[in-house]
Amino acid sequence: MPNTVLENISLKPFNTFGIEVNAKYFVSVNSVEGLKSVLKLKEYPEKFILGGGSNMLLTKDIEALVIHLDLKNIEIVSKTENTVNVKIAAGENWHDFVLWSLKHDFGGIENLSLIPGNVGAAPIQNIGAYGVELKDVFVECEALHINSLKIKTLTKEDCNFDYRNSVFKQDIKGEYIILNVTLNLTSKNHKLKTSYGAISEELNKLNIKNPTIQDVSKVVIAIRESKLPNPKVIGNSGSFFKNPIISKSHFDILKNNFPEIPSYTVSENEIKIPAGWLIEHLGFKGKRFGNYGVHKKQALVLVNYDDAKGEDIFKLAQLIQSTVKRIFDINLEVEVNII
Ligand code: EPU
């Protein structure tokens, strides 16, 4: 079946912010061969790769050919006594895959429950939540080099993972399309990570003494649902900014002026500050500007209540950045891709 290129397609259903912009040209591909043939189309020199649309803010119509990656497959590729390697195609929904793993009693990603988006995007920003990051279970991924159409395997080392960062956002940005990801999960003797404050609190509340991976997933889902807006109800892209890392000397000055500022030590001279606290402290939390604003339960999340324009949300983000800079002398980095 040749891939059909459609014209003037609304991207509203394809981005979790729910922003109404159009793709001048749009094609969905469900095989690697199909993807390659679409990439070869000379009549559309500019291409735009669309995965789950959960980490981007669309501020304008897209003139390029939008390629919607719909690659699906989940396969157990190898086993040891206590672990399995599972290879997941890029177009699988991340949370559906987490549920699949829990059903098979495979552990390691239960803390990453309910993260929106597709599997193919997970390595790009090294998704993380409640003390676990993708890199903790990552083995390798296969990626298609857009110019040569050659497939390359990237190991964990090749990916250069860091906090919300990887080689895909740095040295090889825009050069590859991730086709699949292989993760190493436990099939026995699961190693639970419940030290993140809210998880142990929630388990205690439910009186769960020896939690299973399914229990951990359940409480992570409950915590996320209590703080983060469901993108199906209120458009959003999760954390809009990264938590900034500042020097110890900078932190000491801030601590003097704002004794209640929360912090996590990253290294001897590096301190991570929750951006949500900075934004809340400036009075932005819960602020609504017509049809968009700052989420009322988590200040790190910007929301589209109804038909907001991406540019307006971007302007709000810039206002937050400049205010944080003025008051705290901190540069807040945007986590979401602004298109
Ligand atoms: N805080 C506030 N006000 C707020 C929000 C947060 O003061 O409105 C302070 C509180 O001190 C709170 C601390 O920030 O204790 C941490 O808050 P939370 O546990 O909600 O986590 P976060 O640092 O704001 C990060 C990730 C989230 C992830 C959670 C849990 C980033 C940019 N965000 O948020 O990831 O779910 O930790 O691990 O690192 C995402 O990336 O889209 C995302 C939701």
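From a predicted model like this one, the values you see are computed outputs, not experimental measurements.

Rules of the game
- Residues numbered from 1 in each chain as written.
- Predicted model: local features only at pLDDT ≥ 70, side-chain atom pairs only at ≥ 80, totals over all residues.
- Heavy atoms only, no water.
- Near = heavy atom within 4 Å.
- Polar contact = N/O pair within 3.5 Å; in protein donor to acceptor, adjacent residues only side chain to side chain.
- Areas by Shrake-Rupley, 256 points an atom, 1.4 Å probe, with all protein chains shown as cover.
- Helix = DSSP H or I, 4+ residues; strand = E, 2+ residues; numbered from the N terminus.
- Domains from an automatic or database assignment.
- Contact = heavy atoms within 4.5 Å.
- Buried area = accessible area lost by both parts, 1.4 Å probe.
- Salt bridge = Lys/Arg side-chain N within 4 Å of Asp/Glu carboxyl O.
- Pairing = 2+ DSSP bridges.
- Expected span 1.5 Å × (residues − 1).
- Buried < 20%, exposed > 50% of the residue type's maximum accessible area, 1.4 Å probe, protein only.
- Axes fitted to C-alpha atoms, helices over the stretch in contact; angles between N-to-C directions.
- 1 Å grid on protein atoms, 1.4 Å probe; cavity = no way out; pocket = protein on both sides within 12 Å on 5 of 7 lines; lining within 4 Å.
- Points joined across faces, edges and corners; volume = space filled by probe spheres on them.
- Disulfide = S-S within 2.5 Å.
- Arc of directions from axis to C-beta.
- Phe/Tyr/Trp six-rings, centres within 6.5 Å; stacked < 30°, edge-to-face > 60°.
- Lys NZ or Arg CZ within 6 Å of the ring centre and 35° of its normal.

Novice: Before we move on, could you go through the site of the ligand and cite the residues and values that matter?
Specialist: Around the ligand, the surrounding shell holds 24 residues, and the nearest of these are Tyr130, Tyr163, Arg164, Ser239 and Glu280. Between the ligand and the protein, one listed contact pairs an oxygen atom with a side-chain N or O atom of Arg164 at 2.8 Å. Between the ligand and the protein, one listed contact pairs a nitrogen atom with a backbone N or O atom of Gly276 at 3.4 Å. For the ligand, the accessible surface in isolation is 820 Å², of which the surrounding protein chains cover 82%. Those elements that provide at least two residues to the shell around the ligand are α5 (213-227), β13 (235-239) and α7 (275-281). Among the elements that make up the shell around the ligand, the one with the highest residue count is α7 (three residues).

Novice: Give me the lowdown on the domain arrangement of the chain, citing residues and values where you can.
Specialist: Under the domain assignment used here, the chain contains domain 1 (6-69), domain 2 (74-227) and domain 3 (235-338). Computed from C-alpha atoms alone, the centre-to-centre distance between domain 1 and domain 2 is 25 Å. At the interface, eleven residues of domain 1 touch twelve residues of domain 2. Across the interface of domain 1 and domain 2, roughly 950 Å² is buried in total on both sides, 78% from carbon and sulfur atoms. On the domain 1 side of the contact with domain 2, Lys36, Leu39 and Leu69 bury the most area, a combined 40% of that side's loss. Here domain 1 is connected to domain 2 by zero salt bridges.

Novice: Break down the pairing of strand β15 (residues 264-267) for me, with residues and values.
Specialist: Alignment of β15 against strand β16 (residues 270-272), held across three bridges, turns out to be antiparallel. Residue pairing in the sheet places Thr265 in a bridge with Ile271 of β16. Two successive antiparallel strands, β15 and β16, enclose a turn made up of two residues.

Novice: Account for α5, with residues named and values stated.
Specialist: The end-to-end C-alpha distance of α5 is 21 Å, a good match for the 21 Å that 15 residues give at a rise of 1.5 Å each. Residues of α5 that are buried include every one of Ile213, Asp215, Val216, Ser217, Val219, Val220, Ile221, Ile223 and Arg224, and no others.

Novice: Explain the sheet that holds strand β14 (residues 245-247) to me, and be specific about the residues and the numbers.
Specialist: One open sheet accounts for three strands, arranged β14-β16-β15; its pairing is antiparallel. Unpaired on one side and paired on the other, β14 and β15 mark the two borders of the sheet. On average, each strand axis in the sheet is tilted by 40 degrees relative to the strand beside it, whichever way the strands run.

Novice: Lay out the layout of surface pockets in plain terms, naming residues and giving numbers.
Specialist: Of the pockets and cavities examined, the second largest pocket occupies roughly 870 Å³. In this structure, the second largest pocket is lined by 38 residues; those nearest its centre are Thr16, Pro116, Asn230, Pro231 and Lys232. Mapped by element, the contributors of at least two residues to the lining of the second largest pocket are β5 (62-69), α2 (94-103), α5 and β13. For the lining of the second largest pocket, the leading source of residues is β13, giving three residues.

Novice: Can you tell me about the state of the cysteines, naming the residues and giving the values?
Specialist: Enumeration over the complete set of coordinates arrives at zero disulfides. Here Cys141 stays free of any disulfide, with the sulfur of Cys159 as its closest cysteine sulfur at 4.4 Å. Exposure remark for Cys159: the relative accessible area of 0% places this residue in the buried category.

Novice: Which residues make up the sheet that holds β13, and what values go with them?
Specialist: Strand order in the open sheet formed by four strands is β13-β19-β18-β17, and the pairing between neighbours is antiparallel. Where the open sheet ends on each side, the last strands, each with one partner, are β13 and β17 (288-289). Judged from the three bridges that link them, strand β18 (residues 292-294) and strand β19 (residues 301-304) form a sheet pairing that is antiparallel. Following the sheet pairing, Tyr292 is matched in β19 by Asn304.

Novice: I'd like a rundown of helix α6 (residues 248-257), residues and numbers included.
Specialist: For α6, the set of buried residues is His250, Phe251 and Leu254. The buried residues of α6 occupy an angular sector of 95 degrees when the element is viewed end-on, so they sit on one face. Within α6, the exposed residues directed more than 90 degrees away from the buried face are Ile253 and Asn256. Where α6 is buried, its residues meet β14, β16 and α8 (310-328).

Novice: Tell me what's going on with the side chain of Asn180, and back it up with residues and numbers.
Specialist: In this fold, Asn180 is placed in strand β12 (residues 176-186). For Asn180, a relative accessible area of 11% translates into the label buried. A polar contact of 2.8 Å, which involves the side chain of Asn180, links it to the side chain of Glu142. Discounting residues that sit within four places of it in the chain, Asn180 has contacts with Lys87, Ile88, Ala89, Ala90, Cys141 and Glu142.

Novice: Could you give an account of the packing of aromatic side chains, with specific residues and numbers?
Specialist: Counted according to the given criterion, the structure contains 13 aromatic pairs. Between Phe97 and Trp100 the ring centres are 5.7 Å apart and the planes differ by 20 degrees, which places this aromatic pair in the stacked class. Here Trp100 and Phe97 lie together in helix α2, a separation of three residues that amounts to about one turn. With respect to burial, Phe97 and Trp100 carry one shared label: buried. Arranged with centres 4.9 Å apart and planes meeting at 55 degrees, the rings of Phe258 and Phe328 form a pair that is tilted. Of this pair, Phe258 sits in the loop between α6 and β15 while Phe328 sits in helix α8, and the two are 70 residues apart along the sequence. Relative accessible area serves as the criterion here: at 14%, Phe258 is assigned to the buried category. The exposure class of Phe328 is buried, given its relative accessible area of 1%. Following the ring pairs from residue to residue traces out a cluster consisting of Trp94, Phe97, Trp100 and Phe106. Positioned above the aromatic ring of Tyr163 is the side chain of Lys272, whose terminal nitrogen or guanidinium carbon lies 3.5 Å from the ring centre. Between the NZ or CZ atom of Arg288 and the centre of the ring of Tyr305, over which it lies, the distance is 3.9 Å.

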